[in-house]
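For reference, the chains in residue letters:
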Amino acid sequence: MFDSMSISQVSITNMGMFYKFTKKENTFICTYCNGELLSRLGFTKQEDVIGRSLLDIFPAAIADMKSKYCQQAWEGQFIQYEVTFNDIYYAAFLSPVFDGGNVVEVVGSSINISERKKTENEMVQAKEEAEKANMAKSDFLSKMSHELRTPLNGILGFAQLLELDESLNEQQQDFVQEILNGGSHLLKLINEILDISRIETGKLKVSIEEVHLQNVMDECISIVQPLANKKNISIDKQLQQGQNVLVLADRMRLKQVLLNLLDNAIKYNREGGKVTICCRLDGDAQVIHIVDTGIGFSAEEYSKVFVPFYRIEGTKEAGTGIGLALVKQLVHLMGGKISVTSRKGKGSDFYFCLPIPNDFKTVLRLDESIEPSAENERKTDNYCLLYIEDNESNLHLVSSIIKSQPSYTLLSARTGKEGLEIARNEKIDLILLDLNLPDIDGYEVFDRLKANEQTKDIVIIGVSANAMPQDIQHTLDKGFDNYLTKPLNVKEFLSIISETLNSTINQNIPDHKILSTGPYGEDAVSAKMLQLSLKDLKKIKEKKYKAAIAMHYTENDWSRSQVEGVKAAFEKMGIEVVAVTDAQFSWEQQVTDIETILSKKPDIIVSIPVDPIATASAYQRAAGAGVKLVFIDNIPKGLQYGKDYVSVVSADNYGNGIESAHIMAEKLGGKGKVGVIYHNADFFATKQRTEAFENTIRENYPDIQIVAREGIASPKDGEKVTSAMLNKHQDLNGIFVVWDVPAEGAMAAALTVGRNDLVITTIDLGTNVALEIARDGLIKGLGAQLPYQQGVAEAILAGYALLEKQAPAYVAVPALKVTKENILDAWKLVYNQEAPDIIQSAIK
Ligand code: ADP
């Protein structure tokens, strides 16, 4: 042992000392001592220490302390301590030396650590000073900001008063705006600095409470919306309505965080860009994302953007670089964290998390499982959902989502067999049906549900991991009401259920303003506004109503499509269509048709009167027998809205006339001579078209003159009347024809006299005119009605009457402009199916 010590002794003695102590009675006597430190401590020769007790060597207090450490070593411990003596800071190490199990002496070494200690002390001091200075700076900033705010508020206030002064000239107004802009910029900066310095000095306190994210978000969006509008940026909030997204936060500070992030997401976005707000649950925290489609930045900047006053090089937009620093501090203060991911030129995703309330956590932890039981009785005004699914985790997820929706109750079944049984015994509104069940195939379950009287009307949504479009289509074609793909997306899941439950018959049509008025000048309600809920449908279905459709004619595309729309919607309402009649344009025939229909005792008649006067008494009889009448395009004379009939539905004929006029003007380059071929009958629908065409040309196109007007009584007259018109006005550049069939005649007449340059526009998308438009022939475009959608609207209105719900007097389906450019899409909308091959190939 001594050998090894003597090796270390070499280095120790250079910078410290080496010594030994032995114990005599109660005192420790030094028996050996050597090393440079000895003289540094003030002992000039070895005899100053060797042979002497600790108390003889050191002052009482130090001797006492050293005695204690030596005693501990004497008891067998290894000791280390630090001490100052005569301004020397040194570290001492004591070790016991054993002989036959007893400690016989204590050996020690000490190293001078004064230099290291000095540096350490300096560092601590520097840090303390820096902290003090920082506090002083923050305190100073806090005080200054406060002091600056007061006069600034005065400046802004008076500038705002000046702004209201109408006697200011334009230049003075500009100056005032400059003061206001500069002032509010400065105020924002001061406020943010004030907040940051308050946080740093620990003066900013947050008051944490449960906050409804939805409400705060809505408030923030309404504040930044004008800013977004200016840049044409859409804000898409993807939070479920009514879903309780609760977080623990300081309401005001959370608002400040969101406003700052939204402000940046708009400011650093591109013209016409998008800002998406969404949130997701991550463990016990809610993560809120603000995603933009803006300029973005590279990964090296991720942490830098949160540093106070840092702005990415080349940032053009005005700013101070303080906003994100403050946001970060505020989020921390509320117990959360903020991060960002971004891509240059693509956009950024700033996201932060906040804790969620405790009781909310338990709901989301899905502690309870839901069992189908008699206790799950239906509450009034509730929808009862049944989820047939064998996968436990999916069941768990869905039951937790449903728990947050007070108006839904969920039952569950693990097998097809169990599902069928529950569906038969409980009152179920909607079934979520997994298509891959362990016992019976999902499609088979569907067929059995539809085959059973008690379950055939239940709405069914297919659920599958299969997201292939053709499989989804196959499922929908089978009659499923909707389709959901796994993994389920909570937002999509809820919106599909709500969509399926609430707007079972929905009108997928353009949102255009309606320009027509009704036959008696009634204001129009758009067909888009009509809706029957699942509950409405169920009530109607229970009564097993009967309906008839009395048409003027059924052999054209328009009529066929009308009838299809009415029938499809009636089918969803469980209404049996007992007759569809075709009067072949003859009022006598139509009167007979109505008599025949009445003998079948229908509850509803949907009809287009051939002649509003001659057929009136027949309809009057039907009304007297209690039949609900919904009219298409015209009302028989003398019948009263609300008493004798439910409503009248037409296309927006006026709107279509306008479209037809605009197309004509476009094709003529804004100048020329045109003729008008109108319907010579007291029919408000065709009258409004012609009126709209003529008014639009007169009011908008001063260089286009209407030089000829001729009426037709029947579509057959189109060719004859056009021939005469072209003969008389050889310089005509265009002709408007009031609907498509006579327009075909007009085209034939023009071609006969070699007028291949004549521009024809019309109304109604028949196959022949569509083909002509696709081929870029004489017919250049038209305003189209949406007959299928019109049919659906008529059926919904019949439903309103059966439910004794107030129906509007006049409903119109929006107008649609059709030219070669959009003909295929337009066809789909008009007829609810793809355009025929012949049109598809003509367009190529
Ligand atoms: P300011 O916007 O006033 O400059 P911030 O602290 O809010 O200050 O942002 C700091 C910097 O981070 C901005 O200057 C900008 O360069 C960058 N930045 C912030 N948000 C976005 C964003 N959504 N997209 C792109 N860059 C951003």
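Whatever comes next refers back to the structure up there.
Everything numeric here is computed off the predicted structure, so don't read it as measured data. (Residues numbered from 1 in each chain as written. Predicted model: local features only at pLDDT ≥ 70, side-chain atom pairs only at ≥ 80, totals over all residues. Heavy atoms only, no water.)

> Looking at this structure, how should I read the side chain of Ser650?
Tracing the backbone shows Ser650 in strand S23 (residues 647-651). Within the local environment of Ser650, its side chain forms a polar contact with the side chain of Tyr810, the two groups lying 2.7 Å apart. With residues near it in sequence (within four places) discarded, Ser650 still touches Asp633, Phe684, Gln790, Tyr810, Val811, Ala812 and Val813. (Helix = DSSP H or I, 4+ residues; strand = E, 2+ residues; numbered from the N terminus. Polar contact = N/O pair within 3.5 Å; in protein donor to acceptor, adjacent residues only side chain to side chain. Contact = heavy atoms within 4.5 Å.)

> Mind showing me how you'd approach the sheet that holds strand S27 (residues 759-763) here?
What the 6 strands build is an open sheet, ordered S25-S24-S26-S27-S28-S30; its pairing is mixed. With partners counted over all chains shown, the strands left at the sheet margins are strand S25 (704-712) and strand S30 (816-819), one partner each. Taken pair by pair, the neighbouring strands of this sheet meet at an average axis angle of 20°, ignoring direction. Across the sheet, helix H20 (residues 653-668) touches strand S24 (672-679), S25, strand S26 (734-737), S27, strand S28 (779-784) and S30, and the angle it forms with S27 is around 165°. (Pairing = 2+ DSSP bridges. Axes fitted to C-alpha atoms, helices over the stretch in contact; angles between N-to-C directions.)

> Just checking my understanding: could you explain empty space enclosed by the protein for this structure?
Space left empty within the atom packing is revealed by a probe, the size of a water molecule, rolled over the atoms. One pass over the structure, following the stated rule, counts 1 cavity of 30 Å³ or more. Lining of the largest cavity is provided by 15 residues; of these, Met17, Tyr19, Phe21, Phe58 and Lys66 occupy positions nearest its centre. Of all the elements in the fold, those that place two or more residues in the lining of the largest cavity are strand S1 (16-24), strand S2 (27-34), helix H3 (54-57) and helix H4 (60-74). Among the elements that make up the lining of the largest cavity, the one with the highest residue count is S1 (3 residues). (1 Å grid on protein atoms, 1.4 Å probe; cavity = no way out; pocket = protein on both sides within 12 Å on 5 of 7 lines; lining within 4 Å. Points joined across faces, edges and corners; volume = space filled by probe spheres on them.)

> What is the right way to look at the environment of Phe306 in this model?
Along the chain, Phe306 falls in the loop between strand S10 (285-292) and helix H9 (323-333). When its relative accessible area of 9% is taken as the criterion, Phe306 is described as buried. Put simply, Phe306 and Gly321 are 15 residues apart on the chain and 8.3 Å apart in space, counted from C-alpha to C-alpha. Phe306 has contacts with Leu324, Ala325, Lys328, Ile338, Ser339, Val340 and Phe350, leaving out every residue within four places of it along the chain. (Buried < 20%, exposed > 50% of the residue type's maximum accessible area, 1.4 Å probe, protein only.)

> Could you clarify how one ought to interpret helix H16 (residues 534-543) in this entry?
Each α-helix winds once per 3.6 residues, and so residues spaced three or four apart point in a common direction. For H16, the full list of buried residues reads Leu534, Asp536, Leu537, Ile540 and Lys541. Buried residues in H16, looked at end-on, bunch into an arc of 155°, giving them a common side. Turned more than 90 degrees from where H16 packs its buried face, Glu542 and Lys543 sit exposed. In the segment just after H16, Lys544 is the residue with positive phi, at about 50°. (Arc of directions from axis to C-beta.)

> When you look at unusual backbone geometry in this model, what are you seeing that I'm missing?
Trans is the common state for peptide bonds, and a negative phi is the common state for residues other than glycine. Phi at Asn232 takes a positive value of approximately 65°, unusual for a residue other than glycine. Here Asn232 falls in the exposed class, since its relative accessible area comes to 52%. In this structure, Glu804 is a non-glycine residue whose phi angle is positive, near 55°. Mapped onto the elements of the fold, Glu804 is located in the loop between helix H25 (787-802) and strand S29 (810-813).

> Just checking my understanding: could you explain the nonpolar core for this structure?
Here is a general trend for soluble globular proteins: nonpolar side chains tend to be buried in one another's company. Among the nonpolar cores identified, the biggest contains 74 residues, and Phe570, Ile575, Ile760 and Leu765 are the most heavily contacted of them. Ranked by residues supplied to this core, first place goes to H25 with 10 residues. Apart from the residues lying within four places of it in its own chain, the contact partners of Leu765 are Ala770, Leu782, Ala784, Val818, Ile823, Ala826, Trp827, Val830 and Tyr831. Of all hydrophobic cores here, the second largest spans 47 residues; its members include Leu204, Leu262, Val327 and Leu330. (Core = buried A, V, L, I, M, F, W, Y, C linked by side-chain atoms within 4.5 Å.)

> Honestly, the state of the cysteines in this entry has me stumped. Any pointers?
Disulfide: a covalent bond formed between the sulfur atoms of two cysteine residues. Taken as a whole and assessed by the stated rule, the structure comprises 0 disulfides. Here Cys33 is not cross-linked by a disulfide; its sulfur's nearest cysteine counterpart is in Cys30, at 5.1 Å. A relative accessible area of 4% means that Cys33 is categorised as buried. Sulfur of Cys279: no disulfide; nearest cysteine sulfur belongs to Cys278 and is 7.1 Å away. (Disulfide = S-S within 2.5 Å.)

> It is not clear to me how the packing of aromatic side chains should be interpreted in this structure. Could you clarify?
How two aromatic rings sit relative to each other is set out by the distance from centre to centre and by the angle between their planes. Taken as a whole and judged by the stated rule, the model has 20 aromatic pairs. Arranged with centres 6.1 Å apart and planes meeting at 55°, the rings of Phe297 and Phe350 form a pair that is tilted. One end of the pair, Phe297, is in the loop between S10 and H9; the other, Phe350, is in strand S12 (residues 347-355), with 53 residues separating them in the sequence. Like Phe350, Phe297 is buried. For the ring pair Tyr619 and Phe631, a centre distance of 5.1 Å and an interplane angle of 85° mean the geometry is edge-to-face. A residue pair is termed long-range when its members are at least 10 positions apart, and Tyr619 in helix H19 (residues 616-624) and Phe631 in strand S22 (residues 628-632) qualify at 12 residues. Exposure remark for Tyr619: the relative accessible area of 0% places this residue in the buried category. Given a relative accessible area of 0%, Phe631 falls into the buried group. One aromatic cluster is present, built from ring pairs that chain together Phe297, Tyr302, Phe306 and Phe350. Of note, Lys20 hangs over the ring of Tyr32, and the distance from its end group to the ring centre comes to 5.8 Å. It is Lys66 that lies over the ring of Phe58; its NZ or CZ is 4.8 Å from the centre. (Phe/Tyr/Trp six-rings, centres within 6.5 Å; stacked < 30°, edge-to-face > 60°. Lys NZ or Arg CZ within 6 Å of the ring centre and 35° of its normal.)

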